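# Examination of the molecular architecture
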Amino acid sequence: MTAPIIRTVSGLRAMTDAWRRAGETIGAVPTMGALHDGHLSLVQAAKNACDRVIVTIFVNPRQFNSPEDYANYPRTEHDDAEKLERFAVDAIFVPDGDQMYPAGFATTVSVAGLTDVLCGAHRPGHFDGVATVVTKLLLQTACDKAFFGEKDWQQLQVVRRLVADLNLPCEIVGCPTIREMDGLAMSSRNLLLSDRARARAAALHEAMEEVAEGLRAGRTMAELRLKAEARLEAAGFTSVDYLDLRAHDDLSALERPERPARLLAAAWLAGVRLIDNIGV
Ligand code: PAF
(Lines give C-alpha, C1' and ligand atoms only; values in the text may rest on other atoms or scores of the structure.)
Protein backbone atom coordinates (compact mmCIF):
# COMPACT_ATOMS: atom_id res chain seq x y z
CA MET A 1 0.00 0.00 0.00
CA THR A 2 1.43 3.40 -0.98
CA ALA A 3 1.53 5.74 2.00
CA PRO A 4 0.49 9.36 1.53
CA ILE A 5 3.47 11.68 1.10
CA ILE A 6 2.92 14.77 3.22
CA ARG A 7 5.04 17.83 2.48
CA THR A 8 3.71 20.46 4.87
CA VAL A 9 3.66 20.73 8.65
CA SER A 10 -0.04 21.79 8.53
CA GLY A 11 -0.91 18.69 6.44
CA LEU A 12 0.87 16.47 8.93
CA ARG A 13 -0.78 18.18 11.89
CA ALA A 14 -4.25 17.57 10.40
CA MET A 15 -3.49 13.82 10.29
CA THR A 16 -1.90 13.54 13.72
CA ASP A 17 -4.70 15.59 15.35
CA ALA A 18 -7.28 13.14 13.99
CA TRP A 19 -5.28 10.12 15.19
CA ARG A 20 -4.83 11.63 18.64
CA ARG A 21 -8.57 12.40 18.90
CA ALA A 22 -9.23 8.71 18.08
CA GLY A 23 -6.90 7.70 20.94
CA GLU A 24 -4.30 6.16 18.61
CA THR A 25 -0.58 6.05 19.45
CA ILE A 26 1.96 7.46 16.98
CA GLY A 27 5.47 6.16 16.22
CA ALA A 28 7.98 8.24 14.28
CA VAL A 29 11.04 7.04 12.36
CA PRO A 30 13.20 10.09 11.53
CA THR A 31 15.51 9.52 8.53
CA MET A 32 17.40 11.38 5.84
CA GLY A 33 16.20 8.87 3.24
CA ALA A 34 18.33 6.49 1.12
CA LEU A 35 16.57 3.82 3.16
CA HIS A 36 18.30 0.50 3.82
CA ASP A 37 17.46 -2.54 5.94
CA GLY A 38 18.67 -0.72 9.06
CA HIS A 39 15.97 1.94 8.59
CA LEU A 40 13.41 -0.71 7.70
CA SER A 41 14.12 -2.51 10.99
CA LEU A 42 13.21 0.75 12.77
CA VAL A 43 9.98 0.95 10.75
CA GLN A 44 9.14 -2.64 11.74
CA ALA A 45 9.82 -1.84 15.41
CA ALA A 46 7.54 1.20 15.15
CA LYS A 47 4.81 -0.86 13.47
CA ASN A 48 5.02 -3.44 16.29
CA ALA A 49 4.74 -0.79 19.00
CA CYS A 50 2.35 1.91 17.70
CA ASP A 51 -1.07 2.25 16.04
CA ARG A 52 0.19 4.78 13.48
CA VAL A 53 3.66 5.13 11.95
CA ILE A 54 5.18 8.18 10.28
CA VAL A 55 8.52 7.93 8.46
CA THR A 56 10.18 11.31 7.98
CA ILE A 57 12.63 11.96 5.14
CA PHE A 58 14.57 15.22 5.29
CA VAL A 59 18.21 15.72 4.33
CA ASN A 60 18.93 18.27 7.02
CA PRO A 61 21.36 20.94 5.75
CA ARG A 62 22.14 22.09 9.30
CA GLN A 63 23.91 18.88 10.29
CA PHE A 64 26.39 18.80 7.39
CA ASN A 65 29.84 20.29 7.79
CA SER A 66 30.52 20.88 4.13
CA PRO A 67 28.25 21.98 1.27
CA GLU A 68 29.84 19.25 -0.87
CA ASP A 69 28.91 16.50 1.61
CA TYR A 70 25.33 17.88 1.71
CA ALA A 71 25.14 18.01 -2.10
CA ASN A 72 26.50 14.44 -2.47
CA TYR A 73 24.20 12.88 0.13
CA PRO A 74 22.05 10.27 -1.69
CA ARG A 75 18.46 11.37 -2.41
CA THR A 76 16.18 8.50 -3.44
CA GLU A 77 12.63 9.52 -2.52
CA HIS A 78 10.89 7.35 -5.13
CA ASP A 79 12.81 4.19 -4.14
CA ASP A 80 12.32 4.99 -0.46
CA ALA A 81 8.53 5.19 -0.90
CA GLU A 82 8.61 1.85 -2.74
CA LYS A 83 10.62 0.19 0.04
CA LEU A 84 8.08 1.40 2.58
CA GLU A 85 5.10 -0.06 0.68
CA ARG A 86 5.26 -3.49 2.35
CA PHE A 87 5.12 -1.89 5.82
CA ALA A 88 1.91 0.01 5.12
CA VAL A 89 3.10 3.04 7.08
CA ASP A 90 0.49 5.74 7.63
CA ALA A 91 2.44 8.72 6.30
CA ILE A 92 5.79 9.67 4.80
CA PHE A 93 6.65 13.21 5.84
CA VAL A 94 8.94 14.86 3.29
CA PRO A 95 9.21 18.57 4.14
CA ASP A 96 11.35 20.90 2.06
CA GLY A 97 13.90 23.34 3.48
CA ASP A 98 11.36 26.20 3.72
CA GLN A 99 8.94 24.07 5.76
CA MET A 100 11.67 23.19 8.25
CA TYR A 101 13.56 26.47 8.30
CA PRO A 102 11.28 29.28 7.09
CA ALA A 103 12.66 32.80 6.68
CA GLY A 104 13.53 34.22 10.07
CA PHE A 105 14.16 30.84 11.70
CA ALA A 106 16.43 31.63 14.66
CA THR A 107 16.34 28.79 17.18
CA THR A 108 19.04 26.20 17.84
CA VAL A 109 18.79 23.28 20.25
CA SER A 110 22.25 22.59 21.65
CA VAL A 111 23.12 19.73 24.01
CA ALA A 112 26.25 20.50 26.04
CA GLY A 113 28.87 17.96 27.11
CA LEU A 114 27.85 14.87 25.17
CA THR A 115 28.47 16.73 21.91
CA ASP A 116 32.02 17.90 22.73
CA VAL A 117 33.60 14.51 22.02
CA LEU A 118 33.83 11.88 19.25
CA CYS A 119 31.89 13.05 16.16
CA GLY A 120 31.10 16.34 17.92
CA ALA A 121 34.81 17.17 18.15
CA HIS A 122 35.38 16.35 14.47
CA ARG A 123 32.19 17.83 13.04
CA PRO A 124 31.63 21.23 14.67
CA GLY A 125 27.93 22.19 14.74
CA HIS A 126 26.79 18.75 13.55
CA PHE A 127 24.92 17.84 16.73
CA ASP A 128 23.33 21.28 17.03
CA GLY A 129 21.86 20.58 13.60
CA VAL A 130 20.74 17.10 14.63
CA ALA A 131 19.29 18.24 17.99
CA THR A 132 17.39 21.11 16.36
CA VAL A 133 15.85 19.05 13.57
CA VAL A 134 15.04 16.08 15.82
CA THR A 135 13.28 18.38 18.32
CA LYS A 136 11.22 19.80 15.46
CA LEU A 137 10.42 16.35 14.02
CA LEU A 138 9.32 14.98 17.40
CA LEU A 139 7.01 17.95 17.88
CA GLN A 140 5.74 17.97 14.28
CA THR A 141 4.89 14.26 14.32
CA ALA A 142 3.39 14.49 17.84
CA CYS A 143 4.80 11.01 18.36
CA ASP A 144 4.55 8.87 21.49
CA LYS A 145 7.67 6.92 20.54
CA ALA A 146 10.53 7.66 18.15
CA PHE A 147 12.90 5.02 16.81
CA PHE A 148 16.64 5.55 16.25
CA GLY A 149 19.42 3.18 15.23
CA GLU A 150 22.17 2.32 17.70
CA LYS A 151 24.61 2.66 14.81
CA ASP A 152 24.60 6.41 15.56
CA TRP A 153 25.27 5.77 19.25
CA GLN A 154 26.34 9.30 20.11
CA GLN A 155 23.31 10.72 18.30
CA LEU A 156 21.06 8.37 20.28
CA GLN A 157 22.51 9.63 23.59
CA VAL A 158 22.14 13.26 22.48
CA VAL A 159 18.49 12.67 21.52
CA ARG A 160 17.77 10.91 24.84
CA ARG A 161 19.32 13.86 26.71
CA LEU A 162 17.36 16.56 24.88
CA VAL A 163 14.07 14.68 25.28
CA ALA A 164 14.68 14.36 29.03
CA ASP A 165 15.89 17.96 29.43
CA LEU A 166 13.04 19.53 27.44
CA ASN A 167 10.37 17.20 28.92
CA LEU A 168 9.26 16.17 25.46
CA PRO A 169 6.37 13.71 25.83
CA CYS A 170 8.01 11.04 23.73
CA GLU A 171 9.87 7.79 24.43
CA ILE A 172 13.12 7.24 22.53
CA VAL A 173 13.60 3.64 21.39
CA GLY A 174 17.11 2.54 20.35
CA CYS A 175 17.27 -0.37 17.88
CA PRO A 176 20.28 -2.63 17.15
CA THR A 177 22.65 -1.92 14.26
CA ILE A 178 21.92 -3.99 11.16
CA ARG A 179 25.01 -5.25 9.34
CA GLU A 180 25.88 -6.46 5.86
CA MET A 181 27.01 -10.10 5.53
CA ASP A 182 30.67 -9.08 5.96
CA GLY A 183 29.96 -7.09 9.13
CA LEU A 184 29.86 -3.55 7.68
CA ALA A 185 27.23 -1.51 9.53
CA MET A 186 24.44 -0.48 7.15
CA SER A 187 24.52 3.22 6.36
CA SER A 188 23.21 5.45 3.60
CA ARG A 189 26.79 6.63 3.16
CA ASN A 190 27.84 3.12 2.05
CA LEU A 191 26.24 4.02 -1.30
CA LEU A 192 29.07 6.54 -1.77
CA LEU A 193 31.77 3.81 -1.63
CA SER A 194 33.33 2.60 -4.89
CA ASP A 195 33.27 -1.21 -5.41
CA ARG A 196 36.95 -1.32 -4.44
CA ALA A 197 36.42 0.66 -1.24
CA ARG A 198 33.28 -1.33 -0.39
CA ALA A 199 35.33 -4.55 -0.53
CA ARG A 200 37.66 -3.14 2.15
CA ALA A 201 35.12 -1.39 4.36
CA ALA A 202 34.42 -4.36 6.66
CA ALA A 203 37.97 -3.98 8.02
CA LEU A 204 36.56 -1.29 10.34
CA HIS A 205 34.23 -3.74 12.08
CA GLU A 206 36.90 -6.46 12.11
CA ALA A 207 39.46 -4.15 13.74
CA MET A 208 36.88 -3.11 16.34
CA GLU A 209 35.99 -6.73 17.15
CA GLU A 210 39.70 -7.42 17.66
CA VAL A 211 40.01 -4.47 20.07
CA ALA A 212 36.87 -5.60 21.92
CA GLU A 213 38.34 -9.08 22.30
CA GLY A 214 41.57 -7.59 23.69
CA LEU A 215 39.60 -5.47 26.17
CA ARG A 216 37.63 -8.50 27.33
CA ALA A 217 40.96 -10.27 27.86
CA GLY A 218 42.04 -7.44 30.20
CA ARG A 219 44.17 -5.27 27.90
CA THR A 220 43.83 -1.47 27.74
CA MET A 221 42.88 0.89 24.93
CA ALA A 222 46.40 2.34 24.99
CA GLU A 223 47.78 -1.13 24.22
CA LEU A 224 45.24 -1.95 21.52
CA ARG A 225 44.62 1.31 19.65
CA LEU A 226 47.85 1.54 17.63
CA LYS A 227 47.60 -1.99 16.28
CA ALA A 228 43.98 -1.44 15.23
CA GLU A 229 44.88 1.83 13.49
CA ALA A 230 47.73 0.10 11.64
CA ARG A 231 45.33 -2.64 10.55
CA LEU A 232 42.93 -0.01 9.18
CA GLU A 233 45.73 1.77 7.37
CA ALA A 234 46.82 -1.52 5.79
CA ALA A 235 43.23 -2.03 4.59
CA GLY A 236 43.31 1.33 2.80
CA PHE A 237 41.73 3.67 5.38
CA THR A 238 43.39 7.08 5.06
CA SER A 239 42.75 8.34 8.59
CA VAL A 240 41.04 7.45 11.84
CA ASP A 241 39.13 10.32 13.50
CA TYR A 242 38.77 8.32 16.69
CA LEU A 243 38.79 4.80 18.08
CA ASP A 244 37.67 5.22 21.67
CA LEU A 245 36.18 3.30 24.55
CA ARG A 246 33.45 5.33 26.25
CA ALA A 247 30.88 4.87 29.00
CA HIS A 248 27.72 3.78 27.19
CA ASP A 249 25.53 6.62 28.49
CA ASP A 250 27.52 9.77 29.33
CA LEU A 251 30.33 8.95 26.85
CA SER A 252 33.12 9.63 29.34
CA ALA A 253 36.48 8.18 28.24
CA LEU A 254 37.55 4.78 29.58
CA GLU A 255 40.77 2.78 29.31
CA ARG A 256 39.06 -0.51 30.20
CA PRO A 257 35.38 -1.55 30.27
CA GLU A 258 35.02 -1.18 34.03
CA ARG A 259 31.38 -0.06 33.54
CA PRO A 260 28.96 -0.71 30.62
CA ALA A 261 30.99 0.58 27.71
CA ARG A 262 30.90 1.17 23.99
CA LEU A 263 33.79 1.02 21.57
CA LEU A 264 33.24 3.74 18.96
CA ALA A 265 35.14 4.55 15.78
CA ALA A 266 35.07 6.93 12.83
CA ALA A 267 37.49 6.46 9.95
CA TRP A 268 37.90 7.63 6.36
CA LEU A 269 37.96 5.25 3.40
CA ALA A 270 38.29 6.63 -0.14
CA GLY A 271 36.83 9.99 0.90
CA VAL A 272 33.86 8.48 2.80
CA ARG A 273 33.61 8.80 6.57
CA LEU A 274 32.41 5.55 8.16
CA ILE A 275 31.29 5.24 11.78
CA ASP A 276 30.54 2.19 13.88
CA ASN A 277 30.25 1.12 17.52
CA ILE A 278 29.93 -2.10 19.50
CA GLY A 279 29.10 -2.90 23.10
CA VAL A 280 31.95 -4.15 25.28
O1 PAF B 1 20.25 9.66 11.69
C2 PAF B 1 19.79 10.40 10.80
O3 PAF B 1 19.43 9.95 9.71
C4 PAF B 1 19.67 11.88 11.06
O5 PAF B 1 20.73 12.36 11.82
C6 PAF B 1 18.32 12.29 11.68
C7 PAF B 1 18.14 11.67 13.06
C8 PAF B 1 17.19 11.84 10.78
C9 PAF B 1 18.25 13.80 11.84
O10 PAF B 1 18.38 14.45 10.61
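About the cut-offs
- Counting of residues starts from 1 at the beginning of each chain's written sequence and follows it residue by residue.
- Restriction of local features to residues with pLDDT of at least 70 applies here, the model being predicted, together with a cutoff of 80 or more for giving and counting side-chain atom pairs; totals for whole chains, interfaces and linings are based on all residues.
- Values reported for side chains reflect all heavy atoms of the structure, with hydrogen atoms and water molecules removed beforehand.
- UniProt positions are given in the numbering used here, feature names are shortened, and annotations may be inferred rather than shown by experiment.
- Think of it this way: any DSSP run of H or I at least four residues long counts as a helix, any run of E at least two long counts as a strand, and we number them from the N terminus.
- Contacts are assigned to residue pairs that have any heavy atoms within 4.5 Å of one another.
- At least two DSSP bridges between two strands are needed for those strands to be called paired.
- Axis definition: a line fit to C-alpha positions, over the contact stretch in the case of helices; interaxial angles, taken between N-to-C directions, run 0 to 180 degrees.
- By this rule, a helix spans an expected 1.5 Å times one less than how many residues it contains.
- Here the term buried applies to any residue with accessible area under 20% of the maximum for its type, exposed to any over 50%, and partly exposed to those in between, with areas from a 1.4 Å probe on protein chains only.
- The directions from the helix axis to the C-beta atoms form the arc being described.

- For the protein, the name recorded in an unreviewed UniProt entry is Pantothenate synthetase, with Thetidibacter halocola as its organism.
- Listed under Pathway (unreviewed entry) in UniProt, the entry text for the protein is "Cofactor biosynthesis; (R)-pantothenate biosynthesis; (R)-pantothenate from (R)-pantoate and beta-alanine: step 1/1."
- A UniProt comment under Function (unreviewed entry) is attached to the protein, and it reads "Catalyzes the condensation of pantoate with beta-alanine in an ATP-dependent reaction via a pantoyl-adenylate intermediate."

## Overview of the UniProt feature "binding site: (R)-pantoate" (unreviewed entry) in the protein
- Under the local residue numbering, the UniProt record ascribes the feature "binding site: (R)-pantoate" (unreviewed entry) to Gln-63 and Gln-155. Annotated residues spanning 93 residues; largest pairwise C-alpha distance 11.4 Å, indicating a single compact cluster.
- Relative to the helices and strands, Gln-63 is located in the loop between β3 (52-57) and α3 (67-72).
- Ignoring any residue separated from it by four or fewer positions in sequence, one finds Gln-63 in contact with Met-32, Arg-123, His-126, Gly-129, Val-130 and Val-133.

## Details of the sheet that holds strand β8 (residues 253-254)
- Spatial strand order, β8-β7-β9-β10: four strands in an open sheet with antiparallel pairing. Since the sheet does not close on itself, it has two edges, and those belong to β8 and β10 (272-279), each with one partner.
- Set on the sheet, helix α11 (residues 221-234) makes contact with β7 (237-247), β8 and β9 (261-269); between it and β7 the angle comes to about 150°.

## Points about the environment of Ile-275
- Within the element layout of this structure, Ile-275 appears in strand β10.
- Here the alpha-carbon distance between Ile-275 and His-205, two residues 70 residues apart in the chain, equals 9.5 Å.
- Each residue touching Ile-275, except ones within four places of it in the same chain, is listed here: Cys-119, Lys-151, Asp-152, Leu-204, Tyr-242, Ala-265 and Ala-266.

## Topic: the sheet that holds strand β1 (residues 5-6)
- Strand order in the open sheet formed by six strands is β1-β4-β3-β2-β5-β6, with parallel pairing between adjacent strands. The sheet is open, and its two borders are formed by β1 and β6 (171-175), each paired with just one other strand.
- Bridge count between β3 and strand β4 (residues 91-93): three bridges; the pairing is parallel. Across the sheet, residue Ile-54 finds its bridge partner in β4, namely Ala-91.

## Considering α11
- With 14 residues, α11 extends 20 Å from end C-alpha to end C-alpha; this agrees with the ideal 20 Å at 1.5 Å per step.
- For α11, every residue scored as buried is listed here: Met-221, Leu-224, Ala-228 and Leu-232. One face of α11 carries all of its buried residues, which in axial projection span an arc of 70°. Opposite its buried face, α11 presents the exposed residues Ala-222, Leu-226, Lys-227, Glu-233 and Ala-234, each directed more than 90 degrees away.
- Considering only its buried residues, α11 is in contact with α10 (203-216), β7, β8 and β9.
- Backbone geometry just downstream of α11 places Gly-236 in the positive-phi region, at approximately 110°.

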